[in-house]
Structure formats: structure tokens, C-alpha cells
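Fold and geometry: a report
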Amino acid sequence: MTQLLVQPPKGLYRAARPALQPQAHSLNLIGFGFDGTACFRKGTAIAPDAIRMVASDIESYSPYLDLDLEEVTSFYDLGNIIVTQSGDAHQDYLAAHERFNDLVAGFDLAADGIQFLALGGEHSISYSFISKYLHAFPDLVLLHLDAHADLRDEYQGYHYSHASIIRRCLDYFGPGHQLLQYGIRSGTRDEYAWMRAKQTLAPSLDAFVAFIEGLPADRPVYLTLDLDYFDPAYLPGTGTPEPGGEDFASFVRIIQALRHKNMVGADVVELSPPVDVSGNSDVFATKVVRELILTFHRGGA
Ligand SMILES: [Mn+2]
């Protein structure tokens, strides 16, 4: 008997078709509601279904990209990776990570054109996806939008902590891989020294956008977006808010640049619906997700 790897969502993402396994040459939305290592304020586990719920109530048309979700034909919703809560966060994460591995076993992410858009969960879930894409694409560009450098070797005893996600991904970096970060405004002195030495932190939005615009059109790009990239004035519903953050307009410039590039995967993490009882953060995050979905769309304008 096949072990159940995903559970159906409370409601499918708007305009998506249901699927039980990854679909080739398609965008595959998947929830990964793990929040075991979050230290400050938990609540990201319910974010995937919260985003799906809001998605049915906001416009499907993006004026920024002049595209509509209804035009995206190869778009599937796989539901949510099953996440257990045993009390041992590390074991729970590894078990969910193994379920994801089983889900993609037998697929070649590059040759089969399997694009994932993952909804967290906390940032540690990104490791499951990024490690796979780094393996599939030896020339992958990893774009990292976040308030935090996430370069610690471990945090509070967790090797796969949300505070060390980028460090874990670097373990998989080959000579052709490239990392560029933007929005970072919090980290240790060591993390900042590393970013300066490796020149991974874009000094301005203009520099970050120019980097994307300069990429060859076929160069594979993965975007990991921690929603605390945005200022907590706009998006307070996140576990580790940092003042001095970015606005939605900055994100629009980024997705307008990404629109013409070869997006192969992305994740949106760290939305914590219970933290913002107004629900505004859920709406903000869902608009961000809408734009990202459309960024994957290759047809049309
Ligand atoms: Mn962060």
C-alpha cells in the first residue's frame, strides 16, 4: 500500500486543477506547513490553506503583469505535504522532508519541467525544494528575499532551523550556482562578514533588479521569499518581524524583471495568520503569491 504523502487542501487554489503527484511541464502548488523550529511566534502551519482561502476572494488579474490566473493552463494544486507533530521538531521535519522526496522520486525536475511553488510553513521547508533544484540545475541562480541572512550553521540546536536555511543550501552549492540576497537587515557580525566577502547581498533594489535583468533568458532561477522581507507595517503577520523593510512596490519591480526569466521554482514562507488577526497579512501574502504564479507563465505577452 502506498503511503499517503499529501493531504487535500481545504479548497483548491483558485484556477488550479487538482493533482496527486507532480505534473510535468507545469506549475505545481504545494503546501508545506511545518513550523516546528520557529522560535518566537508560531502559526505558519495553517498559512497554505489561509492563502488558498483568500485567493478565491481577490482579483485573479494582475495589473502589474497584465496576466490573469485564469490564463495559466498548466497549473496544479497538489495539496499539503503531511506534517506530523510528535513533539520532536527535528524528526517531524525530516519525516516531512522524506515524504517530499518520495513525492518527487522518479521525476527529473529539469527534464520533466516540474516547477514547484511551495507555501510554508517556516523557512526551513525551503531546503527540501532548493536542494532538489540545485541538484537538477548545475547553473541555478538562487534569489533570496528576506529580512534575515539565515546563514547560521545551526540555531537553538537545530541543524535545519529557519535561521540556517541558506547555510544548509550552500552545502549543496556547486561551482556554477549563484546566490543573490536582498532585503537582509538582520544577522550576526559573522553573517554580515560572510555576505560582504562573498558579495551575495545586493546593495540596493536597483542592483538586485539589474542583476535579474542581466541574466540570460534560459538561466534557471529559484526564488525563496521569506515574507518578513516586507516591512511589518505592511505585513505584521510573521514570526520574526524586522523594521526597516521593503514595500510591495519593490516586489513588483522584482517580479516584472523575473517575468522574462526562466523561473524553475519558488517558495513563499513565514506567513503566520494568527499573528495578524485583521487578516490583512493573509491578503498581502496572497497577492504576492498571485504575482509569483503569473511570473511562471510563459505564454502570452
Ligand atoms: Mn526571515
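Residues numbered from 1 in each chain as written. Predicted model: local features only at pLDDT ≥ 70, side-chain atom pairs only at ≥ 80, totals over all residues. Heavy atoms only, no water.

Here we take up the overall build of the protein. Broken down by element type, the protein carries 8 helices and 11 strands. For the protein, whose C-alpha radius of gyration is 17 Å, the value lies close to the compact-globule estimate of 19 Å for 301 residues. Its C-alpha atoms put the protein at 50 × 45 × 45 Å along the principal axes. Expressed as a percentage of its 301 residues, the buried residues of the protein come to 58%. Counting only carbon and sulfur atoms, one obtains 51% of the accessible surface of the protein, whose full area is about 12100 Å². Charged side chains of the protein number 22 positive and 38 negative; the gap between the two group centres comes to 2 Å. (Helix = DSSP H or I, 4+ residues; strand = E, 2+ residues; numbered from the N terminus. Rg over C-alpha atoms; globule rule 2.2 N^0.38 Å. Buried < 20%, exposed > 50% of the residue type's maximum accessible area, 1.4 Å probe, protein only. Areas by Shrake-Rupley, 256 points an atom, 1.4 Å probe, with all protein chains shown as cover. Lys, Arg positive; Asp, Glu negative; His and termini not counted. Charge placed at Lys NZ, Arg CZ, Asp CG, Glu CD.)

Moving on, we get to the packing of helix 1 (residues 47-55) against helix 8 (residues 280-295). Where helix 1 meets helix 8, the axes come as close as 9 Å, and the angle between the chain directions of the two elements is 80°. In this view, helix 1 runs roughly perpendicular relative to helix 8, as classed from their interaxial angle. Listed contacts from helix 8 to Ala50, Ile51, Val54 and Ala55 of helix 1 are Asp282, Val283, Ala285, Thr286 and Val289. Broken down by class, the residue content of the contact of helix 1 with helix 8 amounts to 7 nonpolar, 1 polar and 1 charged. (Axes fitted to C-alpha atoms, helices over the stretch in contact; angles between N-to-C directions. Parallel < 35°, antiparallel > 145°, perpendicular 65-115°, else oblique. Contact = heavy atoms within 4.5 Å. Nonpolar A, V, L, I, M, F, W, Y, C, P; charged D, E, K, R; others polar.)

Moving on, we come to helix 3 (residues 126-136). For an α-helix, 3.6 residues make a turn, and residues three or four places apart therefore share a direction. Burial runs high along helix 3: 8 of the 11 residues are buried. Listing the buried residues of helix 3 in full gives Ser126, Tyr127, Ser128, Phe129, Ile130, Ser131, Tyr133 and Leu134.

Summarising the metal site, the manganese ion is bound by the protein donors Asp146 (OD), His148 (ND1), Asp226 (OD), Asp228 (OD) and Asp228 (OD), whose distances to it range over 2.2 to 2.7 Å. Donor residues for the manganese ion sit on one chain with the sequence pattern D-x1-H-x77-D-x1-D. Placement of aspartate 146 in the loop between strand 8 (141-145) and helix 4 (165-170) and of aspartate 228 in the loop between strand 10 (220-226) and helix 7 (248-258) is noted, with a sequence separation of 82 residues between them. Judged by relative accessible area, aspartate 228 falls into the buried class, the value being 2%. (Donors = N, O, S within 2.8 Å, 3.2 Å for Na, K, Ca; no water.)

Under the defined criterion, the tally for this structure stands at 8 salt bridges. Close ionic contact of arginine 52 with aspartate 49 constitutes a salt bridge, the shortest N to O distance being 3.1 Å. Separated by 3 residues within a single helix, arginine 52 and aspartate 49 lie in helix 1, roughly one turn from each other. Judged by its relative accessible area of 14%, aspartate 49 falls in the buried class. Put simply, arginine 253 and aspartate 206 hold a salt bridge, and the shortest N to O gap is 2.8 Å. (Salt bridge = Lys/Arg side-chain N within 4 Å of Asp/Glu carboxyl O.)

Among the nonpolar cores identified, the biggest contains 52 residues, and Tyr13 and Leu143 are the most heavily contacted of them. Not counting residues up to four positions away in its chain, the partners in contact with tyrosine 13 are Leu29, Ile51, Arg52, Ala55, Leu69, Phe75, Asp77, Thr286, Val289, Arg290 and Ile293. Within the second largest apolar cluster, 42 residues are counted, among which are Ile114, Ala118, Ile166 and Leu170. (Core = buried A, V, L, I, M, F, W, Y, C linked by side-chain atoms within 4.5 Å.)

Counting buried positions along strand 6 (residues 75-81) gives 7 out of 7 residues, so the element sits mostly inside the fold. Summarising the sheet, strand 1 (residues 6-7) and strand 6 pair through 2 bridges and their orientation is antiparallel. Bridge pairing in strand 6 links glutamine 7 to asparagine 80. Pairing geometry for strand 2 (residues 17-18) and strand 6, over 2 bridges, is parallel. In the sheet register, proline 18 faces strand 6, and the bridge partner there is aspartate 77. Here strand 3 (residues 26-32) pairs with strand 6 via 4 bridges, running parallel. The partner of leucine 29 across the bridge, within strand 6, is aspartate 77. (Pairing = 2+ DSSP bridges.)

Moving on: the packing of aromatic side chains. Each pair of aromatic rings is reported with the distance of its centres and the angle of its planes. Under the defined criterion, the tally for this structure stands at 18 aromatic pairs. A ring pair is formed by tyrosine 182 and phenylalanine 208, whose centres lie 5.6 Å apart and whose planes are at 25°; its orientation type is stacked. Residue tyrosine 182 is located in strand 9 (residues 178-182), and its partner phenylalanine 208 is located in helix 6 (residues 205-213); the two are separated by 26 residues in the primary sequence. For the pair tyrosine 182 and phenylalanine 208, a shared accessibility class is recorded, and that class is buried. With a centroid separation of 5.9 Å and 70° between ring planes, the pair formed by phenylalanine 230 and phenylalanine 251 is classed as edge-to-face. Pair noted here: phenylalanine 230 is in the loop between strand 10 and helix 7 and phenylalanine 251 is in helix 7, with a separation of 21 residues, a long-range link. The exposure class of phenylalanine 230 is buried, given its relative accessible area of 1%. Here the aromatic cluster, defined as three or more aromatic residues joined through ring pairs, consists of Tyr64, Tyr182, Phe208, Tyr229, Phe230, Phe248, Phe251 and Phe284. (Phe/Tyr/Trp six-rings, centres within 6.5 Å; stacked < 30°, edge-to-face > 60°.)

Locating threonine 286 in the fold gives a position in helix 8. Reaching out from threonine 286, the side chain makes a polar contact with the backbone oxygen of aspartate 282 at a distance of 2.6 Å. Discounting chain neighbours no more than four positions away, the residues touching threonine 286 are Tyr13, Ile51, Val54, Ala55 and Ile58. (Polar contact = N/O pair within 3.5 Å; in protein donor to acceptor, adjacent residues only side chain to side chain.)

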